[in-house]
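Chain by chain, the residues:
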Amino acid sequence: MSMTDGKSRRFTLVLPHIVVLLLCLVISHTVGSDRPWEKHLNNLQPSASPQQQEDAVRGLLQRLLKERAAQFNITVDPSLTSEGKDAFKITATNGTAHITGSSGVAASSGVLYYLKYSCNCHVSWEADQLYLPPTLPDAQVEKTAMERFRYYFNICTLSYSTPFWTWADWERGIDWMALNGINMVLAPSGQEDSWRRVFLSLGMTDDDLAGYFAGPPFLAWNRMGNIQGWGGPLSQHWLSNKAVLNKRIVSRMREFGMMAILPAFAGHVPAALQRLFPSANISRLSTWGHFTDPYTRTYFLDPRDPLFNTIGSAFIKEVNVTFGTDHLYSSDPFNEMLPLSSDPAYLASLGSAFLNAMISVDPKAVWVMQGWMFVNDPGFWQPPQVKALLTSVPQGRMLILDLASEILPQYRRFESFYGQPFIFCMLHNYGGVQGLFGNVDVMLRYLKAARGNTTANANITLVGTGLTPEGINQNYVMYDLFTELTWTPDIDVPHWSLGYAQRRYGSPDVRLGKAWQILMRSAYNCTLPIRYHGAGVIIARRPKKHPKSILWYSVSDLVKAWDLIIAVVRNSSSHHQQVSSTLRNPSQALSVEKYKEKAAMLNLPSPDLITLELPSLPYRNESENPPLEANMIYYKRKRREGERRKIEKRSVAFTIERKGGREERAYFNVWGNEMGEIKRGINGKEINGVIKKGKDGMEGKGEENVEKRSGERGREGEHTGNIKTSSDVLSGGKPVTEQDTFKHDLVDVTRQMLQLIGGNMALRLIDDYKNGVLLALKESRNLLQGLLQDMEELLASSPDFLLGKWVDGAATWANNEEERVQLVRNALHQISLWGPTGEILDYAIKQWSGVFSNYLRGRWELFADRLEDSLVSGTPFNQLLFNFDVFNLVEKRFAEDTNTTFPTQPKGDAVSLALQLYEKYRPVFTSDTLSDFEQQFNDTLQKMKKKKEEMDEGGVDEELSELRWMEEEYKGTTDNSRWNEVEYIKNKEEEEEIKK
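Residues numbered from 1 in each chain as written. Predicted model: local features only at pLDDT ≥ 70, side-chain atom pairs only at ≥ 80, totals over all residues. Heavy atoms only, no water.

## Quick word on the packing of aromatic side chains
Under the criterion given, the structure shown has 60 aromatic pairs. Each ring, one from Phe 218 and one from Trp 230, has its centre 5.8 Å from the other, and the planes form 45°; the classification is tilted. Within this pair, whereas Phe 218 is found in the loop between helix 8 (206–210) and helix 9 (219–223), its partner Trp 230 is found in the loop between helix 9 and helix 10 (236–255), the two being separated by 12 residues in sequence. As far as burial versus exposure is concerned, Phe 218 and Trp 230 are alike and both buried. Positioned above the aromatic ring of Tyr 446 is the side chain of Arg 412, whose terminal nitrogen or guanidinium carbon lies 4.9 Å from the ring centre. Taking the ring centre of Trp 848 as reference, the NZ or CZ of Lys 846 above it sits at 5.8 Å. (Phe/Tyr/Trp six-rings, centres within 6.5 Å; stacked < 30°, edge-to-face > 60°. Helix = DSSP H or I, 4+ residues; strand = E, 2+ residues; numbered from the N terminus. Buried < 20%, exposed > 50% of the residue type's maximum accessible area, 1.4 Å probe, protein only. Lys NZ or Arg CZ within 6 Å of the ring centre and 35° of its normal.)

Structural data, given as structure tokens:
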């Protein structure tokens, strides 16, 4: 090679870096004084070369598409960047896709965009649908990001979802981040090894640290100073291996062009520091989450003390040596903990001290802070306090994560954080709980407003969007939609929902698109200020006489979506046969004598055996009137006092002797009108003729009836034409019902429907007790236990709902049997008691196989036992005594049982099981049942309306009113300690029972 060639090659290698430098200068000049925060943000650039980023994307393609990866050409060209915003360009011709991105992340985003919108593919947390056409289609697309940064993770995510991840999990997770445009990631794992070295250098011992570090699933709250020692200690095996893993994690992130946010010192220290430095200004913070000593009232070193800078700078040095740096450091000193003083001058002095500890080591440091404390403690964090803290550091030296912007954006309360840049984040999930939930319309409106304000007002400091769920692997549709907002200002949700279904399942069956349209306008479109939807899942909470139910959608909509999804199953070539009646559980079929007895107890006319030729009763709508041959018997519970319905109605099952000697069960309704007259009827109609069943035995359901309804008027933008039912096979030749994404959603939607039924069964159980009907209570108990077992078996059929994976993941990190027991106990405690005595009971509960069988069923069985004992003995039910017993007999045993082995592989056919359960439980959703759910929905609305009126009367502004209302709701959900009496004394009647 000639000297000229060598110079040319060296110039070629250096050129991209020169381009980046010039772009930074141009951006700096462009933003000028009207956006002063950009001065420091411009230091935040990918550390990997364009060639390294290209290689990273090629590796991703190989893992994702295997041999088809060769049909993609990748180029990283930083000159595509526009004002610091990523961009990509797609040119696909002649079966080859050429994708150019301004970074590895941008190029990866281009790959996913092409897979989605040209190849009809889908990538998600739980499964992928990657059936590419034989020849890659032509395409020409150019996209530029709406903002500069796309952030990922809540500090709690690292404890609720990823504490036991291995490299294989992280590699898949980082690939997902790159494909979805994430370029800024929280990376706190492995920091405890660095902290150990710092603390040992100050004179501490490993014994001192044994009572400080928390167990792996609780480290997030240890790092934020909420707790200490609970679940610990951490072994050296854990510490060193986590540090090694995090090195690999941040290295891979940087290869894509991502920036890792590393931890900084927040002032929280072990108690031993007082012994070593008796003159240091160390105080104890308040209690947190109902914890008691020694696990709470953590120690806090005043940032103004000289020792603070010594420790803080030493830690930053350790972190930089171990993990490198992208100049981003996370510090959350007051997460759900109040500072010692609200004096603005005091808070300003703290802020500058925090930053000084960072920049003394890294002059380009930017402090990343979660804005959760402003949401959680709005009474303390008023504008003077917030302004003092945020303006104590130069603009751009702090980056605020507006953590729950999708429902409570804080930038509006604090003048766009007084000049500090912020990221609009969607929190969405608390504790990693399951349950269909989203607030898509509110989220879109708030994001659009923030972006509109940025355009109209240069003082709005929005610089990015972010995903900040406490737990992942739930409700993927919300995250898929949100990440697409990186590249577009708005989304037409009904139209997008049709495409989402087609991409996710690889099927053109419009019934699936229609189902998703319905889901997106109902369960995923909460418009109420609900902060933690898990609080309303009755069957997943500790049983009590006054359970809390939360409904923010019409259950009728979910029934329609369920019908459409099941119709696809019935149409499938592999699952077209109906479920045989022999699969049903005969033990749930009750004799007419029992129902005569129940009717007598309720002072209702007793149904006699009658011989009728039964006429066909057409459905008035999709979800009304159950079929006659229903395995599920549902007894209409008594309405609570104050519920507005003039006609009281009860459904009682009875036996009909058909011609030919065959017996069938039907629903016999007895109701009284306002004149006190008694009428009788079947399925809400008076008996006056012959009832006949439809040809499929399931009146009003199935493909034929779906087809009839397909022309109904839909909401704006929704499909209203004829529904296609003939195409259930993917382009790759795989039936929809064998697609992993479909099976996951089928199980999840069926789980949601059973969750609703279970909640009503629990309410019915309680009503039977209040009515003093022992036989009815026993029957309700059996039905509820049967449903919980059905949910156990359904969830066991899916790889995504297995307790065994969580427990096995914990055990994988153990170095010996003692550590295995500790880690498994940690894992079980987090999803049940959380603390040692139920301090944050059920906050992170999971609807998994293994949890139902070993935890939830036992609690409801014991609850029913106590209710029965109360009726038999004539003594009032004692909630506090039950709390004590259920803790010792069920909850603690579950959390401490480290020897039970839970399956890590699914068992059974998810599709067949879901179809069986549909056949069994779909008849429950009669017009009566749906009206009951509507009443629960109205109860939620009225409760929130009343609370808002109280706030308004108190002169509280609307935004703060919502904050305080949600604060009360949220704290009510975590206030479940077995020692907390106030939570369970809801009225004078129960108070008197407890006194007796």
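## As for helix 26 (residues 803–812)
Of the residues making up helix 26, those classed as buried are Leu 803, Gly 804, Trp 806, Val 807, Gly 809 and Ala 810. Summarising the contacts, the buried residues of helix 26 are in contact with helix 5 (157–160), helix 27 (817–830), helix 28 (851–873) and helix 29 (879–896). (Contact = heavy atoms within 4.5 Å.)

## Some details on the sheet that holds strand 11 (residues 282–284)
Pairing is antiparallel across the open sheet formed by 3 strands, whose spatial order is 10-12-11. Strands with a single pairing partner mark the edges of an open sheet, and in this sheet they are strand 10 (268–269) and strand 11. As paired strands, strand 11 and strand 12 (residues 299–301) are joined by 3 bridges and run antiparallel to one another. In the sheet register, Arg 284 faces strand 12, and the bridge partner there is Tyr 299. (Pairing = 2+ DSSP bridges.)

## Brief notes about the environment of Thr 162
For Thr 162, the position within the fold is in the loop between helix 5 and helix 6 (167–179). For the pair Thr 162 and Pro 216, spaced 54 residues apart in sequence, the C-alpha separation works out to 9.7 Å. Ignoring sequence-local partners within four residues, the contact set of Thr 162 consists of Thr 157, Trp 170 and Lys 242.

## Comments concerning unusual backbone geometry
With an omega of 0°, the peptide bond running from Gly 232 to Pro 233 counts as cis. Here Pro 233 shows up in the loop between helix 9 and helix 10. Each neighbour pair has its own omega, and for Asp 293 with Pro 294 the value is 10°, a cis peptide bond. The topology assignment puts Pro 294 in the loop between strand 11 and strand 12. A positive phi angle, near 55°, is found at Arg 297, a position not held by glycine.

## Here we look at empty space enclosed by the protein
Counting across every chain of the model gives 14 cavities of 30 Å³ or more. Space inside the largest cavity adds up to approximately 220 Å³. Around the largest cavity, the lining is made up of 20 residues, and of these Gln 191, Trp 195, Arg 223, Met 224 and Ala 264 lie nearest the centre. Listing elements by their share of the lining of the largest cavity, those giving two or more residues are helix 7 (191–201) and helix 9. When residues of the lining of the largest cavity are assigned to their parent elements, the largest contribution, 3 residues, is made by helix 7. Here the residues of the lining of the largest cavity are counted per class, giving 11 nonpolar, 6 polar and 3 charged. Here the second largest cavity defines a volume of roughly 170 Å³. Around the second largest cavity, the lining is made up of 18 residues, and of these Gly 536, Val 537, Ile 550, Gln 755 and Leu 756 lie nearest the centre. (1 Å grid on protein atoms, 1.4 Å probe; cavity = no way out; pocket = protein on both sides within 12 Å on 5 of 7 lines; lining within 4 Å. Points joined across faces, edges and corners; volume = space filled by probe spheres on them. Nonpolar A, V, L, I, M, F, W, Y, C, P; charged D, E, K, R; others polar.)

## A word on the pattern of salt bridges
Under the counting rule described, the total for this entry stands at 42 salt bridges. In this structure, Glu 817 engages Arg 820 in a salt bridge whose closest nitrogen and oxygen atoms are separated by 2.9 Å. Placement of the pair is Glu 817 and Arg 820 together in helix 27, with a separation of 3 residues, close to one helical turn. A cluster of three or more residues bridged by salt bridges with shared partners is formed by Arg 63, Glu 171, Asp 175, Arg 252 and Glu 255. (Salt bridge = Lys/Arg side-chain N within 4 Å of Asp/Glu carboxyl O.)

## Section: the sheet that holds strand 9 (residues 259–263)
Strand order in the closed barrel made by the 8 strands is 7-8-9-13-14-15-16-17, with parallel pairing throughout. Taking each pair of neighbouring strands and ignoring which way they run, the sheet shows an average axis angle of 30°. Its contacts with the sheet put helix 12 (residues 306–323) on strand 9 and strand 13 (328–330), and the angle it makes with strand 9 is roughly 140°. Contacts between helix 18 (residues 476–484) and the sheet are confined to strand 16 (422–426) and strand 17 (462–467), with strand 17 contributing the most and set at about 160° to the helix. (Axes fitted to C-alpha atoms, helices over the stretch in contact; angles between N-to-C directions.)

## Describing the layout of surface pockets
Estimates place the volume of the second largest pocket at around 1,200 Å³. Taken together, 45 residues form the lining of the second largest pocket, with Trp 165, Asn 473, Pro 799, Asp 800 and Lys 805 sitting closest to its centre. Secondary structure elements with two or more residues in the lining of the second largest pocket: helix 6, helix 24 (740–771) and helix 26. Here the lining of the second largest pocket is composed, by residue class, of 16 nonpolar, 18 polar and 11 charged.

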